[in-house]
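Survey of secondary and tertiary structure
For reference, the chains in residue letters:
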Amino acid sequence: MATLEIVCPVCAELLELTDEDRAELEVGDVIVCDSCNAEMEVTRNGAGEDFELELLGVLTTCPNCGEEFDVTDEMLADAPTIEGQDGVAATLIPCPHCRAQIELEFEEVE
């Protein structure tokens, strides 16, 4: 049985889809990374390697109120970036539930 390997664009985790898995997927379906909860929409599902995903957002939990929410590209584009005392850059995202400012640190995936 053939397996398609996909690298998560957020955490670089290897996601494996069997032919059976792919047969059940349709364009518009969402796959969630088990490691970082990034949500990716299937944009193309053809034969062989003809398969594409588009990152929708990253599911995170607010440390203040405990509610889960998606961090979208639009939220990141509007969010300021700060640098901590340790030199690590973080993005300030407001929780949509309690409006607490949450610092998110992202690692570059090569």
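Residues numbered from 1 in each chain as written. Predicted model: local features only at pLDDT ≥ 70, side-chain atom pairs only at ≥ 80, totals over all residues. Heavy atoms only, no water.

1. Side note on a negative patch on the surface
Taken together, the side chains of Asp-19, Glu-20, Asp-21 and Glu-24 define an acidic patch exposed on the protein surface. Relative to the helices and strands, Glu-24 resides in helix α1 (residues 19-24). (Patch = residues over 30% accessible without salt bridge, like charges linked within 9 Å, V, L, I, M, F, W, Y side chains within 5 Å. Areas by Shrake-Rupley, 256 points an atom, 1.4 Å probe, with all protein chains shown as cover. Salt bridge = Lys/Arg side-chain N within 4 Å of Asp/Glu carboxyl O. Lys, Arg positive; Asp, Glu negative; His and termini not counted. Charge placed at Lys NZ, Arg CZ, Asp CG, Glu CD. Helix = DSSP H or I, 4+ residues; strand = E, 2+ residues; numbered from the N terminus.)

2. Side note on the sheet that holds strand β5 (residues 51-61)
Here four strands make up an open sheet; going across it, the order is β3-β4-β5-β6 and the pairing antiparallel. The open sheet is flanked by β3 (30-32) and β6 (68-72), the only strands paired with a single partner. Neighbour to neighbour, the strand axes of the sheet diverge by 35° on average, direction disregarded. (Pairing = 2+ DSSP bridges. Axes fitted to C-alpha atoms, helices over the stretch in contact; angles between N-to-C directions.)

3. Considering a nonpolar patch on the surface
Taken together, the side chains of Val-30, Val-32 and Leu-56 make up a nonpolar region of the molecular surface, amounting to roughly 200 Å² of accessible area. Note on Val-32: relative accessible area 39%, which makes it partly exposed. (Buried < 20%, exposed > 50% of the residue type's maximum accessible area, 1.4 Å probe, protein only.)

4. Re the state of the cysteines
Counted by the stated rule, this structure contains zero disulfides. With no disulfide of its own, Cys-33 has Cys-11 as its nearest cysteine by sulfur position, at a separation of 3.7 Å. (Disulfide = S-S within 2.5 Å.)

5. Digging into the sheet that holds strand β9 (residues 101-104)
Pairing is antiparallel across the open sheet formed by three strands, whose spatial order is β7-β8-β9. Strands with a single pairing partner mark the edges of an open sheet, and in this sheet they are β7 (81-83) and β9. Neighbour-to-neighbour, the strand axes of the sheet open up by a mean angle of 40°, direction not taken into account. Taken together, the four bridges between strand β8 (residues 89-94) and β9 define a ladder with antiparallel strand orientation. Note that in β9 the partner of Thr-91 across the bridge is Leu-104.

6. Section: the nonpolar core
With 14 residues, the main nonpolar core has Ile-6, Leu-17, Leu-25, Ile-31, Cys-33, Ala-38 and Phe-51 as its most contacted residues. At three residues, strand β4 (residues 38-45) tops the list of elements feeding residues into this core. The residues touching Leu-17, leaving out its near neighbours within four places in the chain, are Ala-2, Thr-3, Leu-4, Ile-6, Arg-22, Leu-25, Ile-31 and Phe-51. In terms of nonpolar packing, the next biggest core, distinct from the first, is built from nine residues, Cys-62, Ile-93, Ala-100 and Ile-102 among them. (Core = buried A, V, L, I, M, F, W, Y, C linked by side-chain atoms within 4.5 Å. Contact = heavy atoms within 4.5 Å.)

7. Things to note about the pattern of salt bridges
Applying the stated criterion across every chain yields a total of two salt bridges. With a closest N to O distance of 2.2 Å, Arg-44 and Glu-52 form a salt bridge. We classify Glu-52 as partly exposed; its relative accessible area is 36%. Linked by salt bridges that have partners in common, Arg-44, Asp-50 and Glu-52 make up one network.

By themselves, these observations are geometric and do not establish any function.
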